[in-house]
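Examination of the molecular architecture
Single-letter residue listing:
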Amino acid sequence: ILVDSKKVINFWEVGFSNKGIKSLLFDEFCRLFNNEIGNSLSLLSGNSMSVSLSNQTRLASGELSEKMSIKVILFGKEKDYVNLSGGEKRRVDIAVMVTLNKIIRMMYNISSGLLGMLILDEIFSSLDNSGEENVYELLEELSHSINSIYVITHTEELKSYFNNYITVKKKNRCSSIENIIV
């Protein structure tokens, strides 16, 4: 009985370690994520970027660590996320956010997005005109699967991208609605 107990304990120790169930679940999540992110990032970057998520990262010593890593390929060359420009980082961030939202919708069978809405604060920051247009195209695509998309921005020129908008003005530390266009 003692030998069997050791086997059972060993089984559970491995099962709930980084090599067990947790790893299997994360492997599955990485597979889902990597399958889904391509569409958004392709649209946002004009096919110049790709991203993949891994549940392992290679340390400087060459050893593999059970640590999440994001691999970014830009114009066919691998780059570290921290070395991307502000606009490139923003594209990756938006693609990751959209992909996570989509995975949650798929996992929980939510047809119209989490709570039926998506709220994006300053999504256009750090983007050039081309980047803004790409984000707008992605938002147009998302509007077919999400009931309401709210974009918060301080850039007046971006109103031209949207049919409906609310203008909020701040005066004396108090915000008020100035204009509603529906």
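As the structure is a prediction and not an experimental result, all values here were calculated from the model.

**Overview of the confidence of the model for the chain**
- Mean pLDDT over the chain stands at 84; residues scoring 70 or higher make up 91%.
- When mean pLDDT is taken per element in the chain, strand E5 (residues 77–79) scores highest with 93 and helix H1 (residues 2–15) scores lowest with 71.

**Let's talk about the pairing of strand E9 (residues 174–181)**
- Taken together, the 7 bridges between strand E8 (residues 165–171) and E9 define a ladder with antiparallel strand orientation. Opposite Tyr-165, over in E9, you have Ile-181 as the bridge partner.

**Concerning the nonpolar core**
- The biggest cluster of nonpolar side chains holds 30 residues, and the ones touching the most others in it are Phe-33, Met-49, Val-51, Ile-94, Val-135 and Leu-142.
- Every element with two or more residues in this core is listed here: helix H2 (21–45), strand E1 (49–54), strand E4 (69–74), helix H3 (86–107), strand E6 (117–121) and helix H4 (129–142).
- Other than its neighbours up to four places away in sequence, Ile-94 contacts Leu-44, Ile-123, Leu-127, Val-135 and Leu-138.

**What about the sheet that holds E1?**
- Read across the open sheet, the 3 strands follow the order E1-E4-E5; overall the sheet is antiparallel. The strands lining the two open edges of the sheet, one partner per strand, are E1 and E5. Direction aside, the axes of adjacent strands within the sheet are offset by 30° on average.
- As judged from the 3 bridges shared by E4 and E5, these two strands associate in the antiparallel manner. Paired with Val-72 across the bridge in E5 is Lys-79.
- Packing of H3 onto the sheet brings it into contact with E1, E4 and E5, and relative to E1 it is tilted by some 55°.

Definitions and cut-offs
- Residues numbered from 1 in each chain as written.
- Predicted model: local features only at pLDDT ≥ 70, side-chain atom pairs only at ≥ 80, totals over all residues.
- Heavy atoms only, no water.
- pLDDT = per-residue confidence, 0-100.
- Helix = DSSP H or I, 4+ residues; strand = E, 2+ residues; numbered from the N terminus.
- Pairing = 2+ DSSP bridges.
- Core = buried A, V, L, I, M, F, W, Y, C linked by side-chain atoms within 4.5 Å.
- Buried < 20%, exposed > 50% of the residue type's maximum accessible area, 1.4 Å probe, protein only.
- Contact = heavy atoms within 4.5 Å.
- Axes fitted to C-alpha atoms, helices over the stretch in contact; angles between N-to-C directions.

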